[in-house]
Amino acid sequence: MSRRARTRTPRDSAVEARYIVMPQHANDLGIAFGGTIMSWIDMVAAMVAQRHCGRKVVTVSIDRLSFLAPCHIGDHVLLRSSANYVGRTSMEVGVQVLKECPYTGERVRATTAYLTFVALDRREKPTPIPPIHPETPDELRRFENARLRVAARKELLRRLTRGVSS
Ligand SMILES: CC(C)(COP(=O)(O)OP(=O)(O)OC[C@H]1O[C@@H](n2cnc3c(N)ncnc32)[C@H](O)[C@@H]1OP(=O)(O)O)[C@@H](O)C(=O)NCCC(=O)NCCS
């Protein structure tokens, strides 16, 4: 059965990736650039969205990001990502970013990101996304929290674009 036809839980499309911070990723303090971490986040989350939808997807928004702990050259950066919520043609994907000491295994939360993707049909127009079925207590909590964020984003967008013509 194709990915598009199947009902999917967040676990079905989850992605975990690990990078090591190299000198080319870092600034003159030896700390990974925020933009480097953001590009890892975007790629990992896009894979989750592709796996959930079985279609091409584009990133339409990334919520505000706060960098909570510096990732130094040599640190491992662990990204854990799963689908939180599905609307009609858009879905929210969450990414938890941890920095890990390669020698002790100690982990510290570096940031958490929420991205919205839109699925596209063959004409590259928004197209419906298969529903998501959260099962575990964590999946259900993420689904409920994402539902609130989606409503808040829509309201903010509505207010900010009221009376604005392109
Ligand atoms: C994404 C894109 C196709 C959406 O087109 P659009 O005409 O705005 O489509 P719609 O108004 O029908 O919105 C589609 C969905 O996106 C959501 N959406 C649109 N703008 C959004 C935003 N700024 N933030 C969050 N969600 C948004 C809508 O709520 C809708 O969701 P729903 O169907 O689940 O209710 C278009 O904006 C685009 O091509 N953007 C560029 C994407 C890109 O280049 N990304 C970087 C490279 S991947």
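In what follows, the structure referred to is the one given above.
Below, the structure is looked at part by part. (Residues numbered from 1 in each chain as written. Predicted model: local features only at pLDDT ≥ 70, side-chain atom pairs only at ≥ 80, totals over all residues. Heavy atoms only, no water.)

A look at the pairing of strand 5 (residues 107-120)
Thinking step 1. Pairing between strand 2 (residues 56-62) and strand 5: six bridges, direction antiparallel. Bridging across to strand 5, K56 finds its partner in L120.
Thinking step 2. As judged from the 11 bridges shared by strand 4 (residues 90-100) and strand 5, these two strands associate in the antiparallel manner. Each bridged residue has a counterpart across the sheet, and for V93 the counterpart in strand 5 is L115.
Thinking step 3. Where strand 4 folds back on strand 5, the antiparallel hairpin that results is connected by six residues, among which G105 adopts a positive phi of roughly 80°. (Pairing = 2+ DSSP bridges. Helix = DSSP H or I, 4+ residues; strand = E, 2+ residues; numbered from the N terminus.)

Notes on the side chain of H25
Thinking step 1. Mapped onto the fold, H25 is located in the loop between strand 1 (15-20) and helix 2 (34-53).
Thinking step 2. On the basis of relative accessibility, which here comes to 17%, the residue H25 falls in the buried class.
Thinking step 3. Beyond its immediate chain neighbours, meaning those up to four positions away, H25 contacts I20, I31, A32, F33, T36 and W40. (Buried < 20%, exposed > 50% of the residue type's maximum accessible area, 1.4 Å probe, protein only. Contact = heavy atoms within 4.5 Å.)

Some thoughts on the site of the ligand
Thinking step 1. Taken together, the neighbourhood of the ligand is formed by 14 residues, with T59, R88, T89, S90 and K154 sitting nearest.
Thinking step 2. Measuring from a nitrogen atom of the ligand, one finds a backbone N or O atom of T59 at 2.9 Å.
Thinking step 3. S90 has a polar side-chain atom sitting 2.7 Å from an oxygen atom of the ligand.
Thinking step 4. Surface burial for the ligand is 52%, taken as the share of its 960 Å² of free accessible area covered by protein chains.
Thinking step 5. Contributing elements (two or more residues each) for the shell around the ligand: strand 2, strand 5 and helix 3 (137-161).
Thinking step 6. Broken down by element, the shell around the ligand gets its largest block of residues, four residues, from strand 2.
Thinking step 7. Grouping the constituent residues of the shell around the ligand by class yields six nonpolar, six polar and two charged. (Near = heavy atom within 4 Å. Polar contact = N/O pair within 3.5 Å; in protein donor to acceptor, adjacent residues only side chain to side chain. Areas by Shrake-Rupley, 256 points an atom, 1.4 Å probe, with all protein chains shown as cover. Nonpolar A, V, L, I, M, F, W, Y, C, P; charged D, E, K, R; others polar.)

Brief notes about the sheet that holds strand 4
Thinking step 1. Read from one edge of the open sheet, five strands run 1-3-4-5-2, paired in antiparallel fashion. Edge positions in the sheet fall to strand 1 and strand 2, since each of these pairs with one other strand and no more. Recorded for the sheet is a direction-independent mean angle of 30° between the axes of neighbouring strands.
Thinking step 2. Bridge analysis of strand 1 against strand 3 (residues 76-86) gives six bridges, and the strand direction is antiparallel. By the bridge assignment, A17 is partnered in strand 3 with L79.
Thinking step 3. Sheet contacts for helix 3: strand 2, strand 3, strand 4 and strand 5; angle to strand 3, the most-contacted strand, approximately 75°. (Axes fitted to C-alpha atoms, helices over the stretch in contact; angles between N-to-C directions.)

Regarding helix 2
Thinking step 1. The first and last C-alpha atoms of helix 2 sit 28 Å apart over 20 residues, in line with the 28 Å expected at 1.5 Å per residue.
Thinking step 2. For helix 2, the complete set of buried residues consists of T36, I37, W40, I41, V44, A45, A46, V48, A49, H52 and C53.
Thinking step 3. Tucked into the core, helix 2 has its buried residues touching helix 1 (10-13), strand 1, strand 2, strand 3, strand 4 and strand 5.
Thinking step 4. Backbone geometry just downstream of helix 2 places G54 in the positive-phi region, at approximately 65°. (Expected span 1.5 Å × (residues − 1).)

Topic: the nonpolar core
Thinking step 1. Formed by 35 residues in total, the largest nonpolar core has its most connected members in I41, L79, M91, V95, V97 and F117.
Thinking step 2. For this core, the secondary structure elements donating two or more residues are strand 1, helix 2, strand 3, strand 4, strand 5 and helix 3.
Thinking step 3. For M91, the contacting residues outside a window of four places in its chain are A49, H52, C53, A83, Y85, V86, L115, T116, F117 and I129. (Core = buried A, V, L, I, M, F, W, Y, C linked by side-chain atoms within 4.5 Å.)

Observations regarding helix 3
Thinking step 1. A rise of 1.5 Å per residue sets the reference length of helix 3, with its 25 residues, at 36 Å; its end C-alpha atoms lie 36 Å apart and thus fit the reference within 8%.
Thinking step 2. The inward-facing, buried residues of helix 3 abut helix 1, strand 2, strand 3, strand 4 and strand 5.

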